[in-house]
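What follows is the residue order along each chain.
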Amino acid sequence: MLYLSTRGHPDRKHFCEILLEGLAPDGGLYLPETYPKVDAATLARWRGLPYAELAFEILSLYIDDIPAPDLRAICRKTYTEEVFGTRAIVPLKPLEEGVCLEALSNGPTLAFKDMAMQLLGNLFEYELGRRGEQLNILGATSGDTGSAAEYAMRGKKGVRVFMTSPNGRMSPFQQAQMFSLQDANIHNLAVEGVFDDCQDIVKAVSNDLEFKRRYRIGTVNSINWARLVAQVVYYFAGYFQATTAEGQKVCFAVPSGNFGNICAGHVARMMGLPVERLVLATNENDVLDEFFRTGVYRVRGSQDTYETSSPSMDISKASNFERFVFDLVGRDAARVRYLFGEELPAKGRFDLSHEALAAREQYGFVSGRSTHADRLATIRDTWQRFGTMIDTHTADGLKVARAHVQAGTPMIVLETALPIKFAATIVEALGREPDRPARFTGIEDLPRRVTVLPADAARVKQFIAAHCA
Ligand SMILES: *Cc1c(COP(=O)(O)O)cnc(C)c1O
């Protein structure tokens with residue numbers, strides 16, 4: 001399997017070459033040359049496999065430069081009951097007739113990002129060890145990504161993490177999760193500023209090519225193909241649990257921000273998984289809902305990007321969206337290069353209203369939007385009727401899913417975080433604190449390992465240099 005750039009760069013690469021890279025050299029995103037097709041006989045053979053074995057079967061279609069026994073060992077080491085809490089890894093929880101949640105949030109940091117990041121940690125350690133190289137991961141987080149990355153990379157040989165976050169702005173639970181890590185290879189940098197300042201610092205450091213090369217700076221952001229392909233696995237695992245035979249169809253509803261999660265659903269569907277609809281849910285930051293309703297993609301400025309109670313979906317543009325557009329325009333790389341490389345930077349928007357029908361009819365996408373009031377009502381209703389407590393992001397997904405349920409087709413709503421991560425809104429909705437998994441009791445009182453720095457790229461560079469000796 002070879003990978004190409006959505007903007008038409010002539011190079012073709014193998015999986016392990018793009019594993020440690022971000023964007024392609026022309027600014028595009030990597031995608032496989034073709035999607036491997038899975039027929040009914042293969043689906044039948046996969047049904048009933050333990051999660052780690054299913055992961056191996058799917059990943060081995062995309063990875064031809066890791067020997068099969070090694071890849072199998074990496075999958076087995078990653079997807080364990082010990083790390084993810086259940087034997088099923090991603091169990092379904094039934095709600096009303098025809099609707100269920102798929103629990104993707106029982107990993108180390110209680111958000112679905114662990115599903116991919118835990119695998120990425122093991123792939124990085126393997127590949128860096130094989131090359132005899134080291135990597136310094138520099139990132140910016142407003143919460144979920146940074147903690148998932150730190151818990152995946154802690155103690156890993158050859159990897160250091162430098163994670164910037166806006167000082168004092170993450171939820172108390174998220175701060176405690178990250179700052180209580182005592183591993184020598186994990187560095188928390190609390191920047192005196194907002195999330196955008198953190199992102200600007202990461203950009204400034206990455207644009208210093210000399211520094212980047214010298215200190216082997218890399219990233220783990222959501223455009224990484226390895227993260228995306230790891231997420232494909234739980235669409236298959238959800239399908240097998242919700243159906244009894246091949247040929248039956250399901251729908252998935254996905255709380256969306258950067259389009260990484262639902263893009264994995266698109267890939268699963270392109271492989272032949274019988275998915276009727278991919279239901280995309282946004283919060284008040286509805287750039288993607290607007291696209292799927294109108295065909296117009298209009299990125300927002302920072303003034304028009306709202307801080308909401310489902311903060312991991314507060315985006316102004318969706319960094320993985322280019323992958324879907326590439327397929328939507330018939331894999332016309334020149335057109336993608338024009339849309340994302342010229343039209344969007346110049347006008348802040350592009351219009352694909354001629355393709356909007358295909359997005360729905362050919363690719364199965366529908367969408368909807370959810371607000372703070374919807375979240376509160378959905379959390380309350382789900383608690384009262386089923387005794388199930390859901391987080392704010394999952395509530396957005398469930399709210400939009402309910403508008404798209406079709407009789408006879410199971411609707412699987414992806415649960416993307418546990419309520420304890422966003423306790424303030426749960427209290428607002430239910431008048432009580434969310435349950436806390438036992439292993440997080442008292443984490444707010446643990447000793448903290450964090451360095452506060454001004455919002456200044458030079459100071460962050462200094463810190464990295466001093467800790468890379
Ligand atoms: C990251 C995140 C999302 C959004 O996922 P994308 O892949 O960016 O679309 C939704 N919910 C939670 C809890 C998240 O952490």
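Computed from a predicted structure; not experimentally measured. (Residues numbered from 1 in each chain as written. Predicted model: local features only at pLDDT ≥ 70, side-chain atom pairs only at ≥ 80, totals over all residues. Heavy atoms only, no water.)

Q: Any chance you could explain the UniProt feature "domain: Tryptophan synthase beta chain-like PALP" (unreviewed entry) in the protein here in plain terms?
A: Here the UniProt feature "domain: Tryptophan synthase beta chain-like PALP" (unreviewed entry) sits at residues 98-335. Between the C-alpha atoms that bound residues 98-335 there is a distance of 40 Å. The span itself is 44% helix and 19% strand. (UniProt positions renumbered as here; feature names shortened; annotations may be inferred. Helix = DSSP H or I, 4+ residues; strand = E, 2+ residues; numbered from the N terminus.)

Q: Can you help me understand the pattern of salt bridges in this one?
A: Should the charged atoms of two oppositely charged side chains come close, the side chains can pair. The full count for this structure, using the stated rule, is 35 salt bridges. Across the pair Glu53 and Arg72 runs a salt bridge, and its minimum N-O distance is 2.8 Å. Of this pair, Glu53 sits in helix H3 (residues 51-62) while Arg72 is found in helix H4 (residues 68-78), placing the two residues 19 residues apart along the sequence. Overall, the relative accessible area of 14% leaves Glu53 in the buried class. The salt bridge involving Asp435 is made with Arg432; its shortest N-O contact spans 2.8 Å. According to the relative accessible area criterion, Asp435 is exposed, its value standing at 53%. (Salt bridge = Lys/Arg side-chain N within 4 Å of Asp/Glu carboxyl O. Buried < 20%, exposed > 50% of the residue type's maximum accessible area, 1.4 Å probe, protein only.)

Q: Just checking my understanding: could you explain empty space enclosed by the protein for this structure?
A: A water-sized probe, rolled over the atoms, reveals where empty space remains. A full pass over the atoms with the stated rule returns one cavity of 30 Å³ or more. For the largest cavity, the full set of lining residues is Ser5, His9, Asp11, Lys13, Ala24, Pro25 and Tyr30. Of the residues assigned to the lining of the largest cavity, the class counts are three nonpolar, two polar and two charged. (1 Å grid on protein atoms, 1.4 Å probe; cavity = no way out; pocket = protein on both sides within 12 Å on 5 of 7 lines; lining within 4 Å. Points joined across faces, edges and corners; volume = space filled by probe spheres on them. Nonpolar A, V, L, I, M, F, W, Y, C, P; charged D, E, K, R; others polar.)

Q: Help me understand the environment of Phe84 in this model?
A: Assignment of secondary structure puts Phe84 in helix H5 (residues 81-84). Overall, Phe84 belongs to the buried group, its relative accessible area being 0%. Distance in space between the C-alpha atoms of Phe84 and Gly107 is 4.5 Å, their sequence separation being 23 residues. Those residues in contact with Phe84, other than ones at most four positions away along the chain, are Thr78, Tyr79, Ile89, Asn106, Gly107, Asp114, Met115 and Gln118. (Contact = heavy atoms within 4.5 Å.)

Q: Just checking my understanding: could you explain the site of the ligand for this structure?
A: Residues in contact with the ligand amount to 15 residues; listed here are only the nearest, Lys113, Asp144, Gly257, Asn258 and Asn261. Interatomic distance of 2.5 Å between a side-chain N/O atom of Lys113 and an oxygen atom of the ligand. Taking Asn258, its main chain carries an N or O atom lying 2.7 Å from an oxygen atom of the ligand. Expressed as a share of its isolated accessible area of 380 Å², the protein-covered part of the ligand is 96%. (Near = heavy atom within 4 Å. Polar contact = N/O pair within 3.5 Å; in protein donor to acceptor, adjacent residues only side chain to side chain. Areas by Shrake-Rupley, 256 points an atom, 1.4 Å probe, with all protein chains shown as cover.)

Q: Just to check I follow, could you spell out the UniProt feature "modified residue: N6-(pyridoxal phosphate)lysine" (unreviewed entry) in the protein for this structure?
A: The UniProt entry lists Lys113 under the feature "modified residue: N6-(pyridoxal phosphate)lysine" (unreviewed entry), expressed in the numbering used here. In this structure Lys113 touches Asp144, Thr145, Ala148 and Arg227, once residues within four positions along its chain are discounted.

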